[in-house]
Amino acid sequence: MLNYTEIMTNLPFYSPEYAREVVSPLETTYGERLLDLLVDPIVTEEIDSGNVTLAMVRPGLMDETTLDGPDGEVAFALESAIERLGILAKFSVCFDQEALDEFYSGGPREIQIEKPAERLGHKNRWDEFSGIIVGNPTTVLLLHSDTGDAIDKWRDQVGFWNIEDEEKKNPNTIRGRFGVSNYNNLVHGSDSPDAVKREADILLRLMLRSQK
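To start, this report covers the structure provided alongside it. (Residues numbered from 1 in each chain as written. Predicted model: local features only at pLDDT ≥ 70, side-chain atom pairs only at ≥ 80, totals over all residues. Heavy atoms only, no water.)

Soluble globular proteins tend to pack their nonpolar side chains together in the buried interior. Core analysis: the largest hydrophobic core is formed by 35 residues, its most contacted members being Leu54, Val93, Phe95, Leu142 and Leu203. Examining the composition of this core, we find that seven residues originate from one element, helix H10 (residues 193–210), more than from any other. Setting aside its immediate chain neighbours within four residues, leucine 142 contacts Leu37, Leu38, Val52, Thr53, Leu54, Gly86, Ile87, Leu88 and Ala89. In this structure, Ala81, Leu143, Ile174 and Leu186 belong to the second largest nonpolar core, which totals 19 residues. (Core = buried A, V, L, I, M, F, W, Y, C linked by side-chain atoms within 4.5 Å. Buried < 20%, exposed > 50% of the residue type's maximum accessible area, 1.4 Å probe, protein only. Helix = DSSP H or I, 4+ residues; strand = E, 2+ residues; numbered from the N terminus. Contact = heavy atoms within 4.5 Å.)

Moving on to the pairing of strand E2 (residues 86–94). The buried count for E2 comes to nine of nine residues, which makes it a mostly enclosed element. Relative to strand E3 (residues 137–144), E2 is paired through eight bridges, and the arrangement is antiparallel. Directly across from lysine 90, in E3, lies its bridge partner leucine 141. (Pairing = 2+ DSSP bridges.)

The next thing to look at is the environment of leucine 54. Within the element layout of this structure, leucine 54 appears in strand E1 (residues 52–57). Distance in space between the C-alpha atoms of leucine 54 and valine 140 is 7.3 Å, their sequence separation being 86 residues. With residues up to four places along the chain from it excluded, the contact list for leucine 54 reads Val140, Leu141, Leu142, Trp154, His188, Gly189, Ser190, Val196, Glu199, Ala200 and Leu203.

Looking now at the packing of aromatic side chains. Applying the stated criterion across every chain, the model contains six aromatic pairs. When the centroid spacing of 5.5 Å and the interplanar angle of 85° are considered together, the rings of phenylalanine 95 and phenylalanine 103 count as edge-to-face. No difference in accessibility class separates phenylalanine 95 from phenylalanine 103, as the two residues are buried. Above the plane of the ring of tyrosine 183 lies arginine 119, whose end atom (NZ or CZ) is 3.6 Å from the centre. (Phe/Tyr/Trp six-rings, centres within 6.5 Å; stacked < 30°, edge-to-face > 60°. Lys NZ or Arg CZ within 6 Å of the ring centre and 35° of its normal.)

With that settled, the discussion passes to the sheet that holds E2. Reading across from one edge, E2-E3-E1-E4 is the order of the four strands in this open sheet, with antiparallel pairing throughout. This sheet does not close on itself; its edge strands, each paired only once, are E2 and strand E4 (187–189). Here the average twist between neighbouring strands, direction ignored, is 20°. Alignment of E1 against E4, held across three bridges, turns out to be antiparallel. (Axes fitted to C-alpha atoms, helices over the stretch in contact; angles between N-to-C directions.)

With respect to the helices and strands, the residue histidine 188 is situated in strand E4. Assessed through its relative accessible area of 9%, histidine 188 is described here as buried. In this structure, histidine 188 is in contact with Leu54, Ala55, Met56, Arg58, Phe103, Tyr104, Trp154, Arg175 and Glu199, ignoring residues within four places of it in sequence.

Structure below.
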């Protein structure tokens, strides 16, 4: 099991200055340690044990939540609402279309292609969603629990994807408390250990590709 206290004490993984950076900090000491962390077999074991999950705070938040302020401030406020989980690592990425297509392939992307856009100016919901995400900074967090329930703890806090469904909208969740429409449902959470590993790998390759 990871010694979370030791990691947080000795490695600067939790660094607010990287919350909404446009370029991931791979050419720094932090970046080197982050890359080591993402490929560390011990972290993979922790993911398989359910102790680590992957969370994202989406871009384009200004005027899209119940909170006031610019994108970076709102993103930090959403992150600060996370409870009962430690932050093992925090960094940011700018998705390109290739990474976004791969990240949401196998169902979510295909479903959104068939849906109409929430607002005018886009051919479908996927086109609209891509316009929000691609090229804009997304905050990524690896969240840690030492009781094997990191995925469930985070997804319980995320809330139902359809913010506009009043019957399923829970005001005690991040989406239910801060979301205003399905145009941007604010946050993402992996749904299984395999998904955590798959999504982390896509993000790792995206970061390496962006440095070339």
